[in-house]
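Coordinates in review
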Amino acid sequence: MSRNRRSLALLASATALVALAGCSSSSGSSGSGGSSAKAGGKTTISFMSIMDSGAQKTTLVALTNAFEKANPGITVNLEYQTSYGNLLAKETAGVSGHNAPTLGQVYESWAATFANSDAILPARTYAGSDNPAGLSGFYTGVQKDLKLPDGKLWMWPFNKSVQVMYYNADMLKAKGLAAPTTWDQFATDAKAVSGKGVTAITVDPGSSASPAGGQTMFAALAAAYGTPDVAPDGTPQLNSAAAVQALTYMKTLEGEGALATGTNYPGETALGAQKGAFDLSSAAGYYYENQAVGNKFALGTEVLPVGPSGAPTNIMSGTNVAMFASATPAQQAAGWKYMQFLASASSQAQWSEQTGYLPVTPAALPLMSAFIAKNPYLPTAVAALQYAVPQPAYAWVEQVEGEEVVAIQAVLEKGADPKSALDAAQKAALADKQADQ
């Protein structure tokens, strides 16, 4: 399963993937939302996710078993897809074929398009309110992420993460350096540790269909310099002064031998091989970063550096859960119980400890004291959930991020001028926006 911030299968074109979706892997009952309301006196619901392997699958199964034990009148069928692209296609096919799951993982832009076509339900339908019990207990950034532009609550949190700066503490110490707290300091430190086989940071721009860490770094830099790549109302801002400064920053690092591009988590690989000093990646990737590093050196973790204003910025990643409109009243009641259970303090503590995702509520932290003692990165990462900004909930945003990748590749891999590349990306992004409205 990918650890990327998101896989950019576009909802607008997902109907073209229906044939693929029909071949996608799925476990548990094949019955979904409206087709399995009652079985043996029990209410049966389904939850479709990409938690199809490893600790993510075993932990979700364990949590679901505990939920069913506490709620003997409810059966939860877990249905798995192998990627976010397959998940989106399968959910879209389910809606088209009147066989949607009861619940499904969704990104913000997916939820927006599903909501516009009445394919998912607003929370007030099944929770009785746009401000149900438990909402105020989530981190501020998480709370904001659950609403769509209409101001209504449409989702409930599940697997959340933010970007973290991983670094080789020994390498920095050998140069008399501490972990950088500003982007200016990051650039200075990156240049200082590079050379003799070391390139401070390696990023993967991804592709226009699947942006990766390089695009996330660009977005984080643009926000740090004062203007996010996409405005809260979904307007692309790819050629703002801040965006040009962000891409110029990356190009300058590359020219100084402190930044390189690669594929397949190249920053993690280089960091683990002591050929890199930094990696910017999801907090949910801590296990993989630590695995790559082994015991070769002390792995440091910090929140992202800040820009000129000094205000912290970060990019929220991960999905929420939405309830599909085909759910019967009994399934809505059962599904809401399950959604609340997954987001509870005890469930989130277990989920976080086993998978590396961040707990969506501070109430989970006291339950994780032993884990935190052994994993000191967690408080650093989870604090960013207060202010981290999620993907704006508009269908075209994923296409906009794809345009960013084209610009990043043009500059870092083909030597293009940052302003010219971003002007072209902005023009294409505005066309994407217009086409999707």
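Data block above holds the structure.
In this text the structure is predicted, and so the values were computed from the model without any measurement.

Re the pairing of strand S3 (residues 74-80)
Within S3, six of the seven residues are buried, which leaves it mostly tucked inside the rest of the structure. Across seven bridges, strand S2 (residues 42-49) lies against S3 in parallel orientation. Pairing of Phe-47 across the sheet is with Leu-78, part of S3. Read as a crossover between parallel neighbours, the route from S2 over helix H2 (residues 54-70) to S3 is right-handed.

What about the packing of aromatic side chains?
Going through the model one piece at a time under the given rule, you end up with 21 aromatic pairs. With a centroid separation of 4.6 Å and 45° between ring planes, the pair formed by Phe-186 and Phe-278 is classed as tilted. In this pair, Phe-186 is assigned in helix H8 (residues 183-193) and Phe-278 in strand S10 (residues 278-282), connecting sequence segments 92 residues apart. Judged by its relative accessible area of 0%, Phe-186 is buried. Residue Phe-278 is classed as buried on the basis of its relative accessible area, which comes to 1%. Site record: aromatic cluster; members linked through ring pairs are Phe-47, Phe-67, Phe-158, Tyr-338, Phe-341, Trp-351 and Tyr-357.

Here we look at the nonpolar core
In terms of nonpolar packing, the biggest core is built from 79 residues, with Phe-47, Leu-60, Trp-156 and Tyr-338 touching the most fellow members. Sequence-distant contacts of Trp-156, defined by excluding residues within four places in its chain, comprise Pro-132, Ala-133, Gly-134, Leu-135, Phe-138, Leu-146, Asn-320, Val-321, Trp-336, Met-339, Gln-340 and Ala-343. Ranked by size, the runner-up nonpolar core spans 51 residues in total, among them Tyr-167, Ala-219, Val-230 and Ala-425.

Comments concerning the side chain of Glu-404
Residue placement: Glu-404 occurs in helix H17 (residues 397-414). Classification of Glu-404 as buried rests on a relative accessible area of 1%. When neighbours within four sequence positions are excluded, Glu-404 is seen to be in contact with Gln-215, Phe-218, Asp-229 and Leu-238.

Concerning the pairing of strand S5 (residues 156-168)
The element S5 is extensively covered by neighbouring structure, given that 13 of its 13 residues are classed as buried. Pairing between S5 and strand S12 (residues 316-323): six bridges, direction antiparallel. Across the sheet, Lys-160 pairs through a bridge with Gly-318, a residue of S12. Pairing of S5 with S10, which is carried by five bridges, proceeds in the antiparallel orientation. Paired with Val-164 across the bridge in S10 is Ser-281. Taken together, the four bridges between S5 and strand S11 (residues 299-302) define a ladder with antiparallel strand orientation. Residue pairing across strands places Met-165 opposite Glu-302, the latter belonging to S11.

Examining unusual backbone geometry
A positive phi angle, close to 55°, is found at His-98, a residue other than glycine. A residue is classified by how much of its surface remains accessible, and His-98, at 72% relative accessible area, is exposed. Phi angles above zero are rare outside glycine, and Asn-264 is one such case at about 60°. Among the structural elements, Asn-264 can be located in the loop between strand S9 (259-261) and helix H11 (266-272).

Examining H8
Of the positions making up H8, those classed as buried are Trp-183, Phe-186, Asp-189, Ala-190 and Val-193. Viewed along the axis of H8, the buried residues span an arc of 115°, placing them on a single side of the element. Exposed side of H8, more than 90 degrees from the buried face: Asp-184 and Thr-188 are the residues found there. Looking at the buried side of H8, the elements it contacts are S5, helix H7 (169-174), strand S6 (201-203), helix H9 (213-224), helix H10 (241-255) and S10.

Let's talk about the pattern of salt bridges
Taken as a whole, this structure holds three salt bridges when the rule is applied. Between Asp-130 and Arg-124 there is a salt bridge, with the nearest N and O atoms lying 2.4 Å from each other. Here Asp-423 and Lys-419 are joined by a salt bridge, their closest N and O atoms 2.9 Å apart. Of this pair, Asp-423 and Lys-419 both sit in helix H18 (residues 418-436), four residues apart, which is roughly one turn of the helix. Look at Asp-423 and you get partly exposed, because its relative accessible area is 29%.

What about the packing of H17 against H18?
Running from N to C, H17 and H18 point in directions that differ by 160°, and their axes come no closer than 9 Å. Taken together, H17 and H18 sit at an angle that is classed as roughly antiparallel. When the axes of H17 and H18 are compared, the crossing they make is right-handed. For the pair H17 and H18, contact is made by Gln-399, Val-400, Glu-403, Ala-407, Ala-410 and Val-411 and by Pro-418, Ala-421, Leu-422, Ala-425, Ala-428, Ala-429, Asp-432 and Asp-436, respectively. Partitioned by chemical class, the residues of the contact of H17 with H18 number ten nonpolar, one polar and three charged.

Cut-offs used in this document
- Residues numbered from 1 in each chain as written.
- Predicted model: local features only at pLDDT ≥ 70, side-chain atom pairs only at ≥ 80, totals over all residues.
- Heavy atoms only, no water.
- Buried < 20%, exposed > 50% of the residue type's maximum accessible area, 1.4 Å probe, protein only.
- Helix = DSSP H or I, 4+ residues; strand = E, 2+ residues; numbered from the N terminus.
- Pairing = 2+ DSSP bridges.
- Right-handed = clockwise from strand over helix to strand, strands pointing away.
- Phe/Tyr/Trp six-rings, centres within 6.5 Å; stacked < 30°, edge-to-face > 60°.
- Core = buried A, V, L, I, M, F, W, Y, C linked by side-chain atoms within 4.5 Å.
- Contact = heavy atoms within 4.5 Å.
- Arc of directions from axis to C-beta.
- Salt bridge = Lys/Arg side-chain N within 4 Å of Asp/Glu carboxyl O.
- Axes fitted to C-alpha atoms, helices over the stretch in contact; angles between N-to-C directions.
- Parallel < 35°, antiparallel > 145°, perpendicular 65-115°, else oblique.
- Left-handed = near helix turned anticlockwise from the far one by under 90°.
- Nonpolar A, V, L, I, M, F, W, Y, C, P; charged D, E, K, R; others polar.

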